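# Topology and contacts: notes
Residue strings, one per chain:
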Amino acid sequence: KARTKRIVESIISLIILIVTFPILLIAGLLIKLEDGGPIFYSQIRNGFEGSKFRILKLRTMIINAEKEGIQWANNSDQRITNIGRILRKLRIDELPQLFLVISGEMSLIGPRPERPKIDDLLRKHLPNYDLRYSIKPGISGWAQVNYPYGSSIEDSKYKLSYDIYYIKNFSILLDCIIFFKTIRLVLNGKGSTPKKR
C-alpha cells in the first residue's frame, strides 16, 4: 500500500505542477509586486517519526510576520497580505509543497505537519499526539477536509481525532475520497480560514 501510494502521489503531484505552473508564475509576480518581498516562504516542520524538514509555500504574510513570536492565524489576521488572502482561499500557496511529495518528504494525503514549537505545546495537552507522525505528513488530510483551519488547542484536539481515524483506517479509497473533497474545498474557497468563535 505504502509503495503504491508513493508512486501514485508522485505522478499526480507532477501532473498538478505542470498544469498549475502558469498560476504559480502569476502568483509569484503578484506577491513580488505587492511588497517587493520574497516569493517563497520556508519553515521547519516535524515530519515522519519526528524528523525535521523544510516546508515550502508561496508567501502569504508580510515580511517578518513572526518577529514577535509564533502565533496561530485568525480571521482578522493583519499579517496576511492582500494577495495572500486570495492565495490562501484557493490554496494556491500550498502548490510548492508538491515538490516535497515528489522528493518523498511529504505525502499528498496525510496529517498536516506542524512547527516544532507548536508540537511541543500540543503534546502537553493532547494524549497520543505523536501518533500523527507515525506516517508521512500530507498537504491535505482527513482533518483538513472535515474541520476548518485550526487556530487553538481545542481545534487541534478535534483535528487530532480525525488524523488518528485516518491512520487507523488508511486505504487507497479513503485517500481518493480526501483528494476529491480537497478539490471541492478549493473550488468552493472553503476551509482555509480559522473557525469563527
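To start, this report covers the structure provided alongside it. All values derive from a computational prediction rather than experimental measurement.

Scoring rules and cut-offs
- Residues numbered from 1 in each chain as written.
- Predicted model: local features only at pLDDT ≥ 70, side-chain atom pairs only at ≥ 80, totals over all residues.
- Heavy atoms only, no water.
- Axes fitted to C-alpha atoms, helices over the stretch in contact; angles between N-to-C directions.
- Helix = DSSP H or I, 4+ residues; strand = E, 2+ residues; numbered from the N terminus.
- Parallel < 35°, antiparallel > 145°, perpendicular 65-115°, else oblique.
- Contact = heavy atoms within 4.5 Å.
- Nonpolar A, V, L, I, M, F, W, Y, C, P; charged D, E, K, R; others polar.
- Phe/Tyr/Trp six-rings, centres within 6.5 Å; stacked < 30°, edge-to-face > 60°.
- Buried < 20%, exposed > 50% of the residue type's maximum accessible area, 1.4 Å probe, protein only.
- Lys NZ or Arg CZ within 6 Å of the ring centre and 35° of its normal.
- Arc of directions from axis to C-beta.
- Pairing = 2+ DSSP bridges.
- Salt bridge = Lys/Arg side-chain N within 4 Å of Asp/Glu carboxyl O.
- Polar contact = N/O pair within 3.5 Å; in protein donor to acceptor, adjacent residues only side chain to side chain.

## What about the packing of helix α1 (residues 2-35) against helix α2 (residues 82-89)?
Where α1 contacts α2, the two axes come as close as 9 Å, and the packing angle between them is 155°. On the basis of the axis angle, α1 is roughly antiparallel to α2. Here Ala27, Leu30, Ile31 and Glu34 of α1 come into contact with α2, specifically with Asn82, Ile83 and Leu87. Grouping the amino acids of the contact of α1 with α2 by side-chain chemistry returns five nonpolar, one polar and one charged.

## Let's talk about the packing of aromatic side chains
Inspection of every chain in the model, using the stated rule, returns five aromatic pairs. Considering the side-chain rings of tryptophan 142 and tyrosine 165, the 5.9 Å spacing of their centres and the 25° angle between planes classify their relative orientation as stacked. Taken together, the positions of tryptophan 142 in helix α5 (residues 142-146) and tyrosine 165 in helix α6 (residues 153-168) put the pair 23 residues apart, joining distant regions of the chain. The exposure class of tryptophan 142 is buried, given its relative accessible area of 15%. Looking at tyrosine 165, the relative accessible area reads 40%, which means it is partly exposed. Residues phenylalanine 179 and phenylalanine 180 carry aromatic rings whose centres are separated by 5.5 Å and whose planes lie at 75° to one another, so their mutual orientation is edge-to-face. Of the residues examined, phenylalanine 180 reaches a relative accessible area of 57% and is grouped as exposed. Its guanidinium or amino end placed over the ring of tyrosine 133, arginine 132 lies 5.2 Å from that ring's centre, counting from NZ or CZ.

## Comments concerning helix α4 (residues 116-125)
Of all the residues in α4, the buried ones are Ile118, Asp119 and Leu122. Projected onto a plane normal to the axis of α4, the buried residues spread over an arc of 100° and lie on a single side. Opposite the buried face of α4, at more than 90 degrees from it, the exposed residues are Lys117 and Lys124. Lining the buried residues of α4 we find β1 (40-46) and α6.

## Observations regarding the pairing of β1
The side chains of a regular strand alternate between both faces of the sheet. With seven bridges joining them, β1 and strand β2 (residues 52-58) adopt antiparallel strand pairing. Paired with phenylalanine 40 across the strands is leucine 58, a residue of β2. Here β1 folds back onto β2, and the loop between the two strands holds five residues, one of which, glutamate 49, carries a positive phi near 55°.

## Focus: the pattern of salt bridges
Applying the stated criterion across every chain yields a total of ten salt bridges. Taking the shortest distance from any N to any O, the salt bridge between aspartate 175 and lysine 5 comes out at 2.7 Å. With aspartate 175 in helix α7 (residues 172-188) and lysine 5 in helix α1, this residue pair connects regions lying 170 residues apart in the sequence. By relative accessible area, which is 12% here, lysine 5 ends up buried. Linking glutamate 114 and arginine 115 is a salt bridge whose minimum nitrogen-to-oxygen distance equals 3.6 Å. In terms of burial, glutamate 114 and arginine 115 fall into one category: buried.

## Let's talk about α2
Along an α-helix, a turn takes 3.6 residues, which lines up residues three or four apart on a common side. All of the buried residues along α2 are Ile83, Gly84, Leu87 and Arg88. Down the axis of α2, the smallest arc covering the buried residues is 135°, so these residues share one side. The inward-facing, buried residues of α2 contact α1 and β2. For α2, the side-chain oxygen to backbone nitrogen distance between the N-cap and glycine 84 is 2.9 Å, and the N-cap itself is threonine 81. Positive backbone phi, approximately 60°, marks arginine 91, located one or two places after α2.

## Looking at unusual backbone geometry
Both trends apply: most residues other than glycine have a negative phi, and most peptide bonds are in trans. With a phi angle near 55°, glutamate 49 is a residue other than glycine that sits in the positive phi range. Along the chain, glutamate 49 turns up in the loop between β1 and β2. A relative accessible area of 63% places glutamate 49 in the exposed class. Residue asparagine 128 is not a glycine yet carries a positive backbone phi of 65°. Take asparagine 128: it is sitting in the loop between α4 and β4 (138-140).

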